[in-house]
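# Summary of the model geometry
Here is what each chain is made of, one letter per residue.
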Amino acid sequence: MKIVTWNINGIRTFKGGIKRALDLLDADIICVQETKVTRDLLDERTAIVEGYNSYFSYSRGRSGYSGVATYCRDSATPLAAEEGLTGLLTNHEDAVGCYGDQTEFSSEELQLLDNEGRAMITKHRIMCQDKEEKTLTVINVYCPRADPEKPERKQFKLQFYKLLQCRAEAVLKDGSHVIVLGDVNTSHRQIDHCDPCETNDFDENPGRKWLNDFLHNSSPEDPDDEEPKELSELKNPTNPGRFVDTFRLFHPTRANAFTCWSTLTGARQTNYGTRIDYIFADCKLAEEQFVATDIMPEVEGSDHCPVWGKLSCSLQASSKPPLLCTRYLPEFVGKQQKLSRFLIKMDQKSSQPEQKSVLPASQDDDERRENVNPSGANKVSDKKRSLASDSVLPKGKKTKTVNSSLKPQGNLLSFFKPKEKETKLTSPQSDQKVETSRDSSSTAAAETEHASDASLDTDKRKKTACQPTAAPSKVASSGFWKSILHGPPTAPSCKVHGEPCVLRTVKKEGPNMGKQFFVCARPQGHASNPEARCNFFEWVKKEK
């Protein structure tokens, strides 16, 4: 049996076709995270893949955000599937069950934790070497990221960790083997981080403390010991964790084994990343069935790379997929739906908009205003109604309102003329000059009309005399536009490599937001790496 997890950073990662990508990964169960697809955007080619059955979890409060999916080969069809960790999203009989003690969570917290499409659970039958049939529950998760600019997300992340542990241990207690895999969004140890010295109080991070409690062995690794250890040798009596990091089980001291890199800084070229994608297994399953686990940094297409694990047991396919399978969705079944399916029975009280409705903590203030109380939309609609009522006309009559006071459209350049020239043009003396010039021009035109003995040479002289008068205006206008639409500033060369720098813009809120600066164009890397970016930095000077 082979299982793979991969944060794909959008379902569009599979540009060459999703079936081709799944076949290249060559696994029985493929768990992907950050699909960024919602139910309304899920197309049939993504949902129904020949040879596989799939199960999706979507974000309910935000489009193009989060989301996980599990693809199982038809030979590994699960016997049960369930979306989320709380059980609140379950409305069918083929659920996995075993939710544990959720009393420490409020009902509002449980709804928020399952509202972002971060977990999909499938339950399978496996056949071990002793010919004993057992069950294996696979929990595919995309754990939240703690945004430093949003303190509430830090608490949200820790609550998700607690709920995940509660559910996984409850399923394990019920008698099933458990694998928890996916993007956990926390590097466990210093060996899993490219530069742990940059992080203050590395070991005091709440996410790492949770991993120490969740995993069976949390003791520091011995750098002199490169051989994989038996699980019995890893036991730590002070840590009651029930799960094992299977990668460290086989590679306890491998350094620079990262699974995530920053695409903005090109850090993958210098392998300057973190290991935040894991395959966790319960202790007994890891000791008895796991054969190997490794990463696949050669697979590109995302800012993460896949992680795979192999087990000696074999999967037993269920006779038919669970009801949560995407092939049963009404939009893909091909049957005509009833009109009543699109109608929801509502009470008069529930039809009134509530001011205190709660949305996921991941949403920004603009999204809250848009989803909770769309007052702006009501105002726009009210304006449209008022305009429509004011403009009611008899049938068959069309009127066209024309403002007679409107002046002809002027030259665009006139809006950018200096003030001094404008004052000269509006002065009385200039008005007189303009009138005299108009009179003289009209007189000259009259004389030329009545002059019959004008020669061809004089006509040429007139034409050549008229040409220089147009040239200054063109030169002035081109110089004016060049002064406004100037190109980007000249890039300096970094002092270490002597190469042209790249231009960047500050996007973080603060006093420097919007300002531009130059940095070394090379990819980010460790300070000891001569091929990595140097510390050159220079603000762009404002032109006077």
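Keep in mind the model is a prediction, meaning the values are calculated, not measured.

## Quick look at helix α1 (residues 18–25)
Here α1 has its buried residues at Ile-18, Ala-21, Leu-22 and Leu-25. The arc that holds the buried residues of α1, viewed along the axis, is 95°, so those residues lie on one side. Those residues of α1 that are exposed and aimed more than 90 degrees away from the buried face are Arg-20 and Leu-24. Buried residues in α1 make contact with β1 (2–7), β2 (29–33), α2 (44–47), β3 (52–57) and β4 (68–73). Where α1 terminates, the next one or two residues include Asp-26, which has phi positive at roughly 55°.

## Brief notes about unusual backbone geometry
Leave glycine aside and you will find that most residues have negative phi; peptide bonds, for their part, are mostly trans. Non-glycine residue Asp-26 carries a positive phi angle of around 55°. Relative to the elements of secondary structure, Asp-26 occurs in the loop between α1 and β2. Residue classification places Asp-26 among the partly exposed residues on the basis of a relative accessible area of 42%. Even without being glycine, Cys-98 reaches a positive phi, approximately 60°.

## Considering the environment of Gly-97
With respect to the helices and strands, the residue Gly-97 is situated in the loop between β5 (80–83) and α3 (107–113). Separated by 16 residues in the primary sequence, Gly-97 and Ala-81 have C-alpha atoms spaced 9.5 Å apart. Once you skip the residues sitting within four places of it in the chain, Gly-97 turns out to touch Glu-82, Arg-167 and Val-171.

## Here's the deal with the sheet that holds strand β17 (residues 516–519)
An order of β16-β17-β18 is seen for the three strands of this open sheet, with the pairing classed as antiparallel. Sheet topology places β16 (502–505) and β18 (537–539) at the edges, where each strand pairs with a single neighbour. Between one strand and the next, the sheet's axes are offset by a mean angle of 30°, whatever the strand orientation.

## Quick notes on the pattern of salt bridges
Per the stated rule, a full pass over the model turns up 19 salt bridges. The shortest N-O distance in the salt bridge between Arg-73 and Asp-28 comes to 3.8 Å. With a gap of 45 residues between them, Arg-73 in strand β4 and Asp-28 in the loop between α1 and β2 connect regions that are remote in the sequence. Residue class for Asp-28 comes out buried when judged on its relative accessible area of 17%. We note a salt bridge from Arg-275 to Asp-245, for which the minimum N-O separation is 2.6 Å. In this pair, Arg-275 sits in the loop between β11 (273–274) and β12 (277–282) while Asp-245 sits in strand β9 (residues 243–245), placing the two residues 30 residues apart along the sequence. Among the residues examined, Arg-275 registers a relative accessible area of 1% and is labelled buried.

What counts and how
Residue positions are given per chain, counted from 1 along the sequence in the order it is written. Two thresholds apply to this predicted model, a pLDDT of at least 70 for residue-level local features and 80 or more for giving and counting side-chain atom pairs, whereas whole-chain, interface and lining totals are computed over all residues. With hydrogens and water set aside, each side-chain value is computed from the structure's full complement of heavy atoms. Each residue is assigned to one of three classes by its accessible area relative to the maximum for its type, calculated with a 1.4 Å probe on protein chains only: buried under 20%, partly exposed between the two thresholds, exposed over 50%. What counts as a helix is a DSSP run of H or I of at least four residues, what counts as a strand is a run of E of at least two, and both are numbered from the N terminus. Throughout, the arc means that of the directions going from the helix axis to the C-beta atoms. Here, residues are in contact when the closest pair of their heavy atoms is within 4.5 Å. Here a strand pair is declared whenever DSSP counts at least two bridges between the two strands. For helices, the fitted line uses only the C-alpha atoms of the stretch in contact; every axis is such a line through C-alpha atoms, and the angle between N-to-C directions lies from 0 to 180 degrees. By definition, a salt bridge exists where a carboxyl oxygen of Asp or Glu is found within 4 Å of a side-chain nitrogen of Lys or Arg.

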